[in-house]
Amino acid sequence: MGDWQFFALLLSNGILIGLMYSLIALGFVLVYKATDAINFAQGEFVMIAGFVVVGFLISYGAPLWLSLVAALLAMIAFGFGLERAMLRKLIGRPIIAVVMATIGLAAVLRGLGPLLWGADTKPLVLPIGDEPILLEPLFIPPIQLVGATVSLLFLGLFGWFFLKSRKGIAMRAVADSQQVAMAMGINVERYFALAWAMTGVVSALGGVIWGNMLGVDVHLSLVGLKVFPVVILGGLDSIPGAIVGGLIVGVVENVAAGYIDPFVGGGTKDFAPYVVMIIALMVRPYGIFGKQIIERV
Amino acid sequence: MSALLEIRDVSKTFGGVQAVTRLSLDVEPGAILSVIGPNGAGKTTLLNMISGFYHPDGGRIALEGEDITRVSPSHVARRGVARTFQNIALFKGMTVLDNLMLGRHVRMRSGVLASFVYWRLAQKEEVAHRKRVEDIIDFLRITHLRRVPTGALPYGLQKRVELGRALSLDPKILLLDEPMGGCNHEEKEDMARFILDVNEEWGATVILIEHDMGVVMDISDRVVVLDMGQKIAEGTPDEVRGDSDVIKAYLGESKAPGNGGVRG
């Protein structure tokens, strides 16, 4: 295989993986956009969704479609419940209170997942085969194609929602100023709940896709770590930013791993995105598409 | 008959500071009522209590006979109390149109799913509300600015858009917190005329906080004077102008009100 073919392979893989990161990052962005809350438990949301799917599939022997629906509903309910039980009480508190609360939540969820569903890695099988699609010189695992397509679809859907739909515009108003939104008769708390529920939807999809690729156990939550370079690069509150950030992270880690791993024996994937993130922070602290006034965390 | 808005003995303290003390006030339907007083007199606190952002420590506020003392801001707004803010509080990234459409938001019924799928019903509803918003835009003479993000507008126009956004709620009562603050002479005249028109043509009752005495005396039906959280005078502009307490507390010792500030 020639040099450019190898590069093209790394690139195509990076793009597809990157879009799947974008999907997870979208969950983070939705909440930040609407409520100004920084959710450090995004990866754990994805993990819990994965657990719910395999729980239904394996423990209850439910059909796949039912398991998927169950995960969607469970994650929506989880988002709603979380907003009501925990985050509503933190409205108006310093941002650090929310940050610490979600970090705590992440730890609880990482404990709760294995406790409820067992610590062993469970397969999440989807009926899409794992024979890679060959498109010389590329070969593409079908799940990546499905994952990237679903990601794009939902990124587009939510992008449209915020830009054009009435509820989306109201949600932007809430994000802009809770006080003024209230003065316009907008029920702010309801929009907060809606944002968390939408994050639940995105996390459920992410849980299915990433659960299929990595298997479901506590380590599934680690995909959440990729969210930070993505949103820092793209901007915490920007949906196009999540796409671009995801693509950068996916491509960087794949290309870096492809060229550097043979010399260092692996692990490049995990730190390369962070190197890029740190450089980006020094150049554009508010991300590529983010609004310029952004709280430093 | 009872007043449109009835404020009875409301008080509010902030950590030992008595912002408003046992204030009572009746606002008759159709009036333009101005609240004046030195900085820190409690004017904005009063407005915030009416619109539900603060709940009074004691006393009672009633809108059309119904108690709204402890009602949340969004519900006060739904009952027909709209407001503008002392510092312009537009949604800056959004267009003029979107800002105004937000005011119609509470009157639209179709839910989240419908707005995702965009049912024909939702669309029909949207058109009706859009019509109302266009009327307001015409009225404020900002037709050409519809699609401009509000952050890009000059200050005076932003104030005007903020008035429009409040109007889009179809308010019974319009609370205006220094609508002319920071405006130049011409912008003030425009704003004064809009306020009068809103009151006369659209029938909105107006409660106004304003520092420009000329404007206040010109357009108000009644004037209430606050000092140190207490009402020290209330009456027609002429009555207030001649009130010795007002002259002493608010306008300084020797300078008579009506000479310096008032325009003809």
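It should be noted that the structure appears before, not after, this text.
Each chain carries its own residue numbering, running from 1 in the written order of its sequence. Chain A is the first chain written and ligand 1 is the first ligand written, with later ones labelled in order. For this predicted model, a pLDDT threshold of at least 70 governs which residues receive local features, and a threshold of 80 or more governs which side-chain atom pairs are given and counted, while totals over whole chains, interfaces and linings are taken from all residues. Derived side-chain values reflect all non-hydrogen atoms in the structure, with water molecules and hydrogen atoms excluded from consideration.

Looking at this structure, how should I read the interface of chain B and chain A?
Frequently, the measure chosen for interface size is the accessible area that the parts lose on association. Whether two residues touch is decided by their heavy atoms; if any such pair falls within 4.5 Å, the residues are in contact. Across the boundary between the two partners, chain B contributes 30 residues, which contact 24 residues of chain A. Two parts placed together each lose some accessible area under a 1.4 Å probe, and the buried area is that loss summed for both. Together chain B and chain A conceal approximately 2,400 Å² of surface at their shared face, both sides included; 69% is due to carbon and sulfur atoms. Here, a salt bridge means any side-chain nitrogen of Lys or Arg that lies within 4 Å of a carboxyl oxygen of Asp or Glu. Taken together, the connections running from chain B to chain A amount to zero salt bridges. Contacts described as polar in this section are N or O atom pairs within 3.5 Å, which, within protein, must combine one atom able to donate a hydrogen with one able to accept it, while residues neighboring in sequence count only if both atoms come from side chains. Our enumeration of links across chain B and chain A arrives at two residue pairs in polar contact (both at pLDDT 80 or more). Where the side of chain B that touches chain A is concerned, the elements lending two or more residues are helix H2 (73-78), helix H3 (96-104), helix H4 (112-117) and helix H5 (120-139) of chain B. It is H2 of chain B that contributes the most residues to the side of chain B that touches chain A, four residues altogether. By the criteria applied, helices consist of DSSP H or I runs no shorter than four residues and strands consist of E runs no shorter than two, each listed in order from the N terminus.

Help me out: how do you make sense of the packing of aromatic side chains in this one?
Aromatic ring pairs are described here by two measures, namely the spacing of the ring centres and the angle between the planes. When two rings of Phe, Tyr or Trp (its six-membered ring) have centres within 6.5 Å they constitute a pair, described as stacked for plane angles under 30 degrees, edge-to-face for angles over 60, and tilted for the intermediate range. On inspection of all chains with the given rule, the structure shows 14 aromatic pairs over all chains. Ring pairing ties together the aromatic residues Phe28, Phe40 and Phe228 of chain A, which thus form one cluster. Lys33 of chain A extends its terminal NZ or CZ atom over the ring of Phe162 of chain A, reaching a point 5.1 Å from the ring centre. One cation-aromatic arrangement involves Arg83 of chain B over Phe85 of chain B; the distance from NZ or CZ to the ring centre is 4.3 Å. Each ring is checked for a lysine NZ or an arginine CZ that lies within 6 Å of its centre and within 35 degrees of its normal; such an atom marks a charge sitting over the ring.

Please explain the sheet that holds strand S2 (residues 17-27) of chain B as it appears in this structure.
Sheets are built from strands paired through backbone hydrogen bonds, the pairs being either parallel or antiparallel. All names here are of chain B. Overall, antiparallel pairing links the four strands, which are arranged S2-S1-S4-S5 in an open sheet. Across the chains shown, the open sheet's two edge strands, defined by having one partner strand only, are S2 and strand S5 (66-67). Sheet topology places strand S1 (residues 5-14) next to strand S4 (residues 58-63); five bridges connect them, and they run antiparallel. From the neighbouring strand, Ser11 faces S4, where its bridge partner is Gly58. Whenever a helix is involved, its axis is fitted only over the stretch in contact; in every case the axis is a line through C-alpha atoms, and angles between N-to-C directions fall within 0 to 180 degrees. The sheet strands contacting helix H1 (residues 43-50) are S1, S2 and S4, and the helix crosses S1 at an angle near 120°. Pairing between strands is defined by DSSP: at least two bridges between the two strands are required.

Explain the environment of Arg284 of chain A here, please?
The topology assignment puts Arg284 of chain A in the segment after helix H11 (268-283). For the pair Arg284 of chain A and Pro229 of chain A, spaced 55 residues apart in sequence, the C-alpha to C-alpha distance is 13 Å.

Please explain a nonpolar patch on the surface as it appears in this structure.
All names here are of chain A. Residues Phe7, Leu11, Ile15, Tyr259, Ile260, Phe263 and Val264 make up a contiguous nonpolar surface patch of roughly 650 Å² in combined accessible area. For the nonpolar patch, the secondary structure elements donating two or more residues are helix H1 (3-35) and helix H10 (239-264). The greatest single-element share of the nonpolar patch, amounting to four residues, is contributed by H10. Assignment of secondary structure puts Tyr259 in helix H10. For Tyr259, a relative accessible area of 35% corresponds to the partly exposed category. Grouping into patches uses exposed residues only, defined as over 30% relative accessible area, and leaves out salt-bridged ones; the cut-off is 9 Å for like charges and 5 Å for nonpolar side chains (Val, Leu, Ile, Met, Phe, Trp, Tyr). Per-residue and other accessible areas were derived by the Shrake-Rupley procedure at a 1.4 Å probe size, with only the shown protein chains allowed to occlude residues. The classification of residues rests on relative accessible area computed with a 1.4 Å probe and restricted to protein chains. Under 20% of the type maximum is buried, over 50% is exposed, and intermediate values are partly exposed.

Quick question: what am I supposed to make of the environment of Leu174 of chain B here?
Residue and element names in this part refer to chain B. The residue Leu174 is located in strand S7 (residues 173-177) in this model. Classification of Leu174 by relative accessible area gives buried; the value is 1%. When neighbours within four sequence positions are excluded, Leu174 is seen to be in contact with Ala82, Leu163, Ala166, Leu167, Val198, Thr205, Val206 and Ile207.

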